[in-house]
Amino acid sequence: MSSPSADPRLPLTDADMAELERRLDELPATLEPLDLGMSDGYLVGVLLQPQPVPEADWLRYVFDTDGRPVPPGVATEPIAALLRRRHAELNRAIHHRQWFDPWVFELDDEADPLETVLPWVAGFATALTHFPALTRIDSPELLEPLAVLYRSFDPEDLEDADDLLALVDELEPPADLADAVEALVSSSLLIADVSRPQQGQSASRAGARTPRRPGGPGSKPRSGPPRGRR
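Residues numbered from 1 in each chain as written. Predicted model: local features only at pLDDT ≥ 70, side-chain atom pairs only at ≥ 80, totals over all residues. Heavy atoms only, no water.

Details of the overall build of the chain
Regarding its fold elements, the chain presents 8 helices and 2 strands. Helices and strands appear in the chain in the N-to-C order α-α-α-α-β-α-α-α-α-β. The buried share of the chain, taken over its 230 residues, is 48%. Considering only residue pairs separated by 6 or more positions, the chain has 75% of its internal contacts joining residues 24 or more positions apart. For the chain, the exposed surface amounts to about 11,400 Å²; the carbon and sulfur share of it is 50%. (Helix = DSSP H or I, 4+ residues; strand = E, 2+ residues; numbered from the N terminus. Buried < 20%, exposed > 50% of the residue type's maximum accessible area, 1.4 Å probe, protein only. Contact = heavy atoms within 4.5 Å. Areas by Shrake-Rupley, 256 points an atom, 1.4 Å probe, with all protein chains shown as cover.)

Structural data, given as structure tokens:
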């Protein structure tokens, strides 16, 4: 297993992810930390903000969704070190408009694809709740990718977002889980084209470089954790 203090440029391995999950699960019961899948969507939501979010600001909401302080004596640096590496990995992918592998985990063969990706989307939405600058960008180019992400939610949870609801109603459901996961990545990169435009890029060209999941639409997401908070 890699040490949390490993080279910060190294992507997280499966062993690192298991270590991160274990440490999040072991945080005091007085806290409500994000689980593994939620933390990944949360980091993407943080990275898609139009201005960089300081680490101290985003990290506190991983330990507790309400930002409550961690009790004295609890070792948080190993968690921070692992999240720092994942943050850097995702940042590179978003900056270069490259595929990243979302932390989405199969539930069972009968699970709806949108239900399976919901923890990741919930983490993304948590980031936008605490850091709403992205939602304040006045651009029609944001509506469709946000609708693709937020279609995982119950429509009642979007009752104050009429424009999104209208688009969600028009969307075709994903064909399978691989299709739903691919939509997480493509939508995130479409949002990046608006909130983090590259030099010489116009929003009207959004999606021109959106990659497809390596191995094609039939490639399977991960199986296994997260198990969720005890």
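Regarding the pattern of salt bridges
Tallied over the full model, the rule gives 10 salt bridges. In this structure, the salt-bridge partner of E19 is R22, at a minimum N-O distance of 2.9 Å. Of the two residues, E19 and R22 both sit in helix α1 (residues 14-25), 3 residues apart, roughly one turn of that helix. Residue classification places E19 among the buried positions, given a relative accessible area of 6%. Under the relative-accessibility criterion, R22 is labelled partly exposed at 34%. Between R86 and E89 there is a salt bridge, with the nearest N and O atoms lying 3.2 Å from each other. Of this pair, R86 and E89 both sit in helix α4 (residues 77-95), 3 residues apart, roughly one helical turn. Through salt bridges with shared partners, a single network forms among E19, R22, R23 and E26. (Salt bridge = Lys/Arg side-chain N within 4 Å of Asp/Glu carboxyl O.)

Overview of α1
With 12 residues, α1 extends 16 Å between its outermost C-alpha atoms, agreeing within 8% with the 16 Å of an ideal straight helix rising 1.5 Å per residue. Three or more residues of α1 are buried, namely D16, M17, E19, L20, E21, L24 and D25. (Expected span 1.5 Å × (residues − 1).)

Describing the environment of E89
Classification of E89 as partly exposed rests on a relative accessible area of 22%. On a C-alpha basis, the gap between E89 and R9 in space is 7.2 Å, while along the polypeptide they are 80 residues apart. With near-sequence residues (within four places) excluded, E89 lies in contact with P11 and L12.

Brief notes about empty space enclosed by the protein
Taken as a whole and assessed by the stated rule, the structure comprises 3 cavities of 30 Å³ or more. In this structure, the second largest cavity occupies an estimated 40 Å³ of space. Elements represented by at least two residues in the lining of the second largest cavity include exactly α5 (113-130), α6 (143-150) and α8 (177-195). Considering only residue class, the lining of the second largest cavity consists of 8 nonpolar, 1 polar and 1 charged. (1 Å grid on protein atoms, 1.4 Å probe; cavity = no way out; pocket = protein on both sides within 12 Å on 5 of 7 lines; lining within 4 Å. Points joined across faces, edges and corners; volume = space filled by probe spheres on them. Nonpolar A, V, L, I, M, F, W, Y, C, P; charged D, E, K, R; others polar.)

Quick look at the packing of helix α2 (residues 36-47) against α5
The geometry of α2 relative to α5 is characterised by a closest axis approach of 6 Å and an angle of 40° between their N-to-C directions. Taken together, the axes of α2 and α5 lie oblique to each other. For the element pair α2 and α5, the recorded crossing hand is right-handed. In contact with G37, M38, D40, G41, Y42, V44, G45 and V46 of α2, α5 contributes P119, W120, A122, G123, F124, T126, A127 and L128. (Axes fitted to C-alpha atoms, helices over the stretch in contact; angles between N-to-C directions. Parallel < 35°, antiparallel > 145°, perpendicular 65-115°, else oblique. Left-handed = near helix turned anticlockwise from the far one by under 90°.)

Regarding α2
A rise of 1.5 Å per residue sets the reference length of α2, with its 12 residues, at 16 Å; its end C-alpha atoms lie 17 Å apart and thus fit the reference within 8%. Burial runs high along α2: 12 of the 12 residues are buried. Of all the positions in α2, only L36, G37, M38, S39, D40, G41, Y42, L43, V44, G45, V46 and L47 are classed as buried. Its buried side turned inward, α2 meets α1, α3 (55-63), α4, β1 (105-106), α5 and α8. Two or three places before G37, at the opening of α2, D35 has a side-chain oxygen 3.2 Å from that residue's backbone nitrogen. (Polar contact = N/O pair within 3.5 Å; in protein donor to acceptor, adjacent residues only side chain to side chain.)

What is shown is where atoms sit, not what they do.
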